[in-house]
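Architecture and fold: a report
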Protein chains: 2
Amino acid sequence: MRLRIGNKDLIKDINRSLVINEIRLNGPISRTDISKNLNLGLSTVTNIVEELKTQKLIFEIGEADSTGGRKPILLEFNYNYGYTIGIKIEENNLIFALTNLNADIIRRKKVPFKRGSNSNDVLELIIKNIEDLIKAIPMDRSLLGIGIAISGLIDQKRGRLIYSGMLNWSDIDISGILKDRFNVPVYVDNDVNAYTLAELWYGQGRTLSNFIVVTYGSGIGSGIVINKRLYCGDFGGAGEIGHMVLVADGRKCECGQKGCLEAYASENFIIDYIKENIQFFKESKINIDEELSIEKVYEYAKNGDMLAINALKLSAKYLGYGLLSVINIFNPSTIILAGEGMVAKDIILPVVIDIVKNNFF
Amino acid sequence: MRLRIGNKDLIKDINRSLVINEIRLNGPISRTDISKNLNLGLSTVTNIVEELKTQKLIFEIGEADSTGGRKPILLEFNYNYGYTIGIKIEENNLIFALTNLNADIIRRKKVPFKRGSNSNDVLELIIKNIEDLIKAIPMDRSLLGIGIAISGLIDQKRGRLIYSGMLNWSDIDISGILKDRFNVPVYVDNDVNAYTLAELWYGQGRTLSNFIVVTYGSGIGSGIVINKRLYCGDFGGAGEIGHMVLVADGRKCECGQKGCLEAYASENFIIDYIKENIQFFKESKINIDEELSIEKVYEYAKNGDMLAINALKLSAKYLGYGLLSVINIFNPSTIILAGEGMVAKDIILPVVIDIVKNNFF
DNA sequence: AACATACTTTTTTCAGTGAAGCAAGTTATA
DNA sequence: TATAACTTGCTTCACTGAAAAAAGTATGTT
């Protein structure tokens, strides 16, 4: 990143940003209060507000009660100034959401596609659906940007998909293709990071400087926020805590390594563990001959099946050790646990919390 | 951190910083080149340079060869503008260094104190020696700041020592005491972070945005640099990679946890391993009855003793697994390995590199 | 070799610009 | 009449850009 030099444009940009954010986050608010909160001159605020009003980025929403003088005029951010489209690419589904700037969903759409489709066909499908969604935007407003979440390794800076095992795609310039077509900024990131940004901007992370989001489900991933910014590493692949070594020389992991956290705390491990140990649980109702899905395991556990419960608890134990490492490394005030695996949180959380509490250095 | 509003002071501060840093890092340099490199107006550079010259922060060092026109006047940063004192508190030694702003050491001093001394006595000793060092500063120059490195848990923001096991001190307002006495900024951090900052400012890290320093010795620690800033975590304790769980339910660690990296990759492990396994190495020359120090182990290893070599290699193997986890989490372009353990790098490095290369996801 | 002319490059000067800041004034209310 | 909210007009100051000044080099002529 090149450092910006100080000049009048910089001042302008800074103060406009400050005023917009003050109104967006603390609005409705009066000019006087903005001035006090930001320590900006009152006349400066007046001028900036005037400009933002003509740009329709903000508007006067009405007046508040007087406290002994002229009533303050309340300003509010125009959340419908523009719209954005968010897309999640799943294994055989596209999920679209058209939102305003408050992330209110205006329209939502789920579009299936054939598992294993090639990237060109799916991108074609994405373009068609974006065109369709754009029609729902009011005439005098416009699309401001597109965000895409894909499970895989992403070059965030260039908006390229480097590799996705789930889709079996590699090296696709998603941002370039869509930017050419729609002429708006296009952001691409993996699903965990996208979820982490959501927590940072709209969720529990709003008030935090540093936190880690850990997703627990088919695999284990994490999003890292440091100094209020998502950290992606030098090659875009930070946060792969699923492939931390938890058991030196341990179980083989899909990635090729041995003893990864993900080889112990994941859906696959739970199912494998049940298969390996069903012989020791004569009273278990689990039928090993039918295809065993993770949902069925949850079902069995809910009904008190000890094998299912043990498998979940063991997986949770390893998850706890993984979190312990994360805590020792990042020393964050908060860790957010999420992911499909959390549907069994009644069983998992007590185990995890117990391990973390009793072992933290 | 409160955001600064945009005004003329901000512009001034930014551009003065940019010019100073340009001269400091790329000097000697002419006004014209500064203007080109920073994209700042030539007249602006002239004005700022004039100001910095009267402040004696920079000076004109001479002229460079002409390239067909007027000779450029070269500007250089005045590294002797002021001085700083750096102090490392060891188990029974204080190490002082008086340096100029180029980190050139003007004077260095080693002052022993009684192991187990209380903090007041040692701080008294520190103050006396600082007073002594200040006498070595030229009359017209001054002390600009003090930096202190201690092994332990530090509250960097307040400059307080929270707890040091090595010294058996806790909750000491080091910064407050010295700031009151000398009226200059005082920075306190643990030894690993201090070393990491040295790498960031003067070492291999100068050109890197993200890197991790891993110290391997009596324990394992790490310093984390993200976006050119040292990351300390919300409670000042980030980087404790020594207490990552490497072997679930493994060896007991000094910290109370089980299976920490430090329980496997550390001097203590190496010595314990030798004691536990000497029975299997009949040909080993190691005499288990004498007090076994890590230095002696290195000596034995250098002379080809297989037990010593095996112990070092095994410890290195675990270190490799630890680094693998660090790489998976941070995805940095560079890891810097340092610490006393590296004196045996001929044995350790090949093992570590092999593990990392063959396993990286 | 001495000199004149043309061109280059570096640095300085100075009027102009614009964003913030300040103070006095206006509006609206208790 | 006092007070709070907001507006207007003027001042300030750091950057900008163009022109001028300073200090060279390159080349051709006598």
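Everything below is about the structure printed above this text.
This report concerns the structure included in the present document.

Each value, and the rule that gives it
Residues numbered from 1 in each chain as written. Chains lettered and ligands numbered in written order. Predicted model: local features only at pLDDT ≥ 70, side-chain atom pairs only at ≥ 80, totals over all residues. Heavy atoms only, no water. Contact = heavy atoms within 4.5 Å. Buried area = accessible area lost by both parts, 1.4 Å probe. Salt bridge = Lys/Arg side-chain N within 4 Å of Asp/Glu carboxyl O. Polar contact = N/O pair within 3.5 Å; in protein donor to acceptor, adjacent residues only side chain to side chain. Axes fitted to C-alpha atoms, helices over the stretch in contact; angles between N-to-C directions. Helix = DSSP H or I, 4+ residues; strand = E, 2+ residues; numbered from the N terminus. Parallel < 35°, antiparallel > 145°, perpendicular 65-115°, else oblique. Left-handed = near helix turned anticlockwise from the far one by under 90°. Nonpolar A, V, L, I, M, F, W, Y, C, P; charged D, E, K, R; others polar. Near = heavy atom within 4 Å. Least-squares fit on C-alpha atoms with pLDDT ≥ 70 in both. Buried < 20%, exposed > 50% of the residue type's maximum accessible area, 1.4 Å probe, protein only. Pairing = 2+ DSSP bridges. Expected span 1.5 Å × (residues − 1). Arc of directions from axis to C-beta. Phe/Tyr/Trp six-rings, centres within 6.5 Å; stacked < 30°, edge-to-face > 60°. Lys NZ or Arg CZ within 6 Å of the ring centre and 35° of its normal. Core = buried A, V, L, I, M, F, W, Y, C linked by side-chain atoms within 4.5 Å.

**Quick look at the interface of chain B and chain A**
Counting residues at the interface gives 55 residues for chain B, matched by 55 residues for chain A. When chain B packs against chain A, the two sides together hide about 4,600 Å² of surface, and 56% of this comes from carbon and sulfur. Taken together, the links from chain B to chain A amount to two salt bridges. In this structure, the salt-bridge partner of Asp249 of chain A is Lys317 of chain B, at a minimum N-O distance of 2.8 Å. Connecting chain B to chain A are 32 residue pairs in polar contact (both at pLDDT 80 or more).

**Observations concerning the packing of helix 9 (residues 306-330) of chain A against helix 10 (residues 345-359) of chain A**
Residue and element names in this part refer to chain A. Interaxial distance between helix 9 and helix 10 falls to 8 Å at its minimum, and their mutual angle equals 40 degrees. Taken together, the axes of helix 9 and helix 10 are oblique relative to one another. The way helix 9 lies across helix 10 gives a crossing that is right-handed. When helix 9 is examined against helix 10, the residues Ile309, Leu312, Lys313, Ala316, Lys317, Leu319, Gly320, Tyr321, Leu323, Leu324 and Ile327 are found in contact with a partner set consisting of Ile347, Ile348, Val351, Val352, Ile355, Val356 and Asn359. Residue composition of the contact of helix 9 with helix 10, grouped by class: 14 nonpolar, two polar and two charged.

**Thoughts on the protein's contact with DNA strand C**
Near DNA strand C lie 30 residues; those nearest to it are Lys8, Asn15 and Ser43 of chain A together with Leu42 and Ile73 of chain B. A share of 71% of the atoms of DNA strand C within 4 Å of the protein falls on sugar and phosphate groups. Taking Arg70 of chain A, its main chain carries an N or O atom lying 3.4 Å from a base nitrogen of DNA strand C. Those elements giving two or more residues to the surface near DNA strand C turn out to be helix 1 (8-26) and helix 3 (42-54) of chain A together with helix 2 (31-38) and helix 3 (42-54) of chain B. Here the surface near DNA strand C gets four residues from one element, more than from any other, and that element is helix 1 of chain A.

**Some thoughts on the relation of the copies chain B and chain A**
When chain B is fitted to chain A, the residual RMSD is 0.1 Å, and the transformation amounts to a turn of 180 degrees plus an axial shift of 0.1 Å. Both chain copies can therefore be described as sitting about a two-fold axis. Both copies share a contact surface, since 100% of the interface residues of chain B are interface residues in chain A too.

**Brief notes about the pattern of salt bridges**
Two side chains carrying opposite charge are able to pair once their charged atoms lie near each other. For the structure on display, the rule yields 29 salt bridges over all chains. The salt bridge partner of Asp155 of chain A is Arg158 of chain A, with a shortest N-O separation of 3.5 Å. By relative accessible area, which is 59% here, Arg158 of chain A ends up exposed. Of the charged contacts in the structure, one is a salt bridge between Glu60 of chain B and Lys53 of chain B, with a shortest N-O distance of 3.1 Å. Residue classification places Glu60 of chain B among the partly exposed residues on the basis of a relative accessible area of 36%. Connected through salt bridges with shared partners, the residues Arg31, Glu50, Lys53 and Glu60 of chain A form a single ionic network.

**So, the sheet that holds strand 7 (residues 153-155) of chain B**
All names here are of chain B. Here three strands make up an open sheet; going across it, the order is 7-8-9 and the pairing antiparallel. Strands with a single pairing partner mark the edges of an open sheet, and in this sheet they are strand 7 and strand 9 (169-172). Each strand axis lies, on average, 20 degrees off the axis of its neighbour in the sheet, ignoring direction. Sheet topology note: the strand 7/strand 8 (residues 160-164) ladder contains three bridges and is antiparallel. Across the sheet, residue Ile154 finds its bridge partner in strand 8, namely Leu161.

**Observations regarding the sheet that holds strand 8 (residues 160-164) of chain A**
Residues and elements named next belong to chain A. Sheet architecture is open: three strands sit in the order 7-8-9, paired in antiparallel fashion. Strands with a single pairing partner mark the edges of an open sheet, and in this sheet they are strand 7 (153-155) and strand 9 (169-172). This sheet shows a mean twist of 20 degrees between the axes of neighbouring strands, independent of strand direction. Strand direction decides the pairing type here: strand 8 and strand 9, joined by three bridges, are antiparallel. When the sheet's bridge partners are listed, Leu161 is paired in strand 9 with Ile172.

**Digging into the environment of Gly165 of chain B**
With respect to the secondary-structure elements, Gly165 of chain B resides in the loop between strand 8 and strand 9. C-alpha of Gly165 of chain B to C-alpha of Glu91 of chain B: the two residues are 74 residues apart in sequence and 10.0 Å apart in space.

**Some details on helix 6 (residues 191-202) of chain B**
All names here are of chain B. In a regular helix each residue adds 1.5 Å, so twelve residues correspond to 16 Å; helix 6 covers 16 Å between its end C-alpha atoms and thus fits that length. All of the buried residues in helix 6 are Val192, Asn193, Thr196, Leu197, Glu199 and Leu200. End-on, the buried residues of helix 6 take up no more than an arc of 160 degrees, which puts them together on one face. Turning to helix 6, the residues buried within the fold contact strand 10 (186-189), strand 11 (211-216), strand 12 (220-226), strand 13 (229-231) and strand 14 (334-338). The N-cap residue of helix 6 is Asn190: its side-chain oxygen and the backbone nitrogen of Val192 are 3.0 Å apart.

**Some words on the packing of aromatic side chains**
Enumeration according to the criterion identifies 13 aromatic pairs over all chains in this entry. Ring centres of Tyr264 of chain B and Phe269 of chain B lie 5.8 Å apart, and the angle between their planes is 40 degrees; this geometry places the pair in the tilted category. For the residue pair Tyr264 of chain B and Phe269 of chain B, the accessibility class agrees, reading buried in each case. Of the aromatic side chains, those joined through ring pairs into one cluster are Tyr231 and Phe330 of chain A together with Tyr231 and Phe330 of chain B. Its end group placed over the ring of Phe182 of chain A, Arg181 of chain A keeps NZ or CZ at 5.2 Å from the ring centre. We note Lys317 of chain B situated over the ring of Tyr318 of chain B; from NZ or CZ to the ring centre the distance is 5.7 Å.

**Examining the protein's contact with DNA strand D**
In the neighbourhood of DNA strand D, 29 residues make up the surrounding shell, with Arg70 and Ile73 of chain A together with Lys8, Asn15 and Ser43 of chain B lying closest. Looking at DNA strand D alone, sugar and phosphate atoms form 65% of those within 4 Å of the protein. Within the contact set of DNA strand D, a phosphate oxygen lies 2.9 Å away from a side-chain nitrogen or oxygen of Thr32 of chain A. A distance of 2.6 Å separates a phosphate oxygen of DNA strand D from a polar atom in the side chain of Asn15 of chain B. Contributions of two or more residues to the surface near DNA strand D are made by helix 2 (31-38) and helix 3 of chain A together with helix 1 (8-26) and helix 3 of chain B.

**A short note on the nonpolar core**
Counting 113 residues, the largest nonpolar core has Tyr318, Leu319 and Phe330 of chain A together with Tyr318, Leu319 and Phe330 of chain B as its most contacted members. Leave out the neighbours within four places in its chain, and Leu319 of chain B touches Val214, Tyr216, Ile220, Leu261, Ala265, Leu337, Met342, Ile348 and Val352 of chain B.

Just geometry here; none of it tells us what the structure is for.
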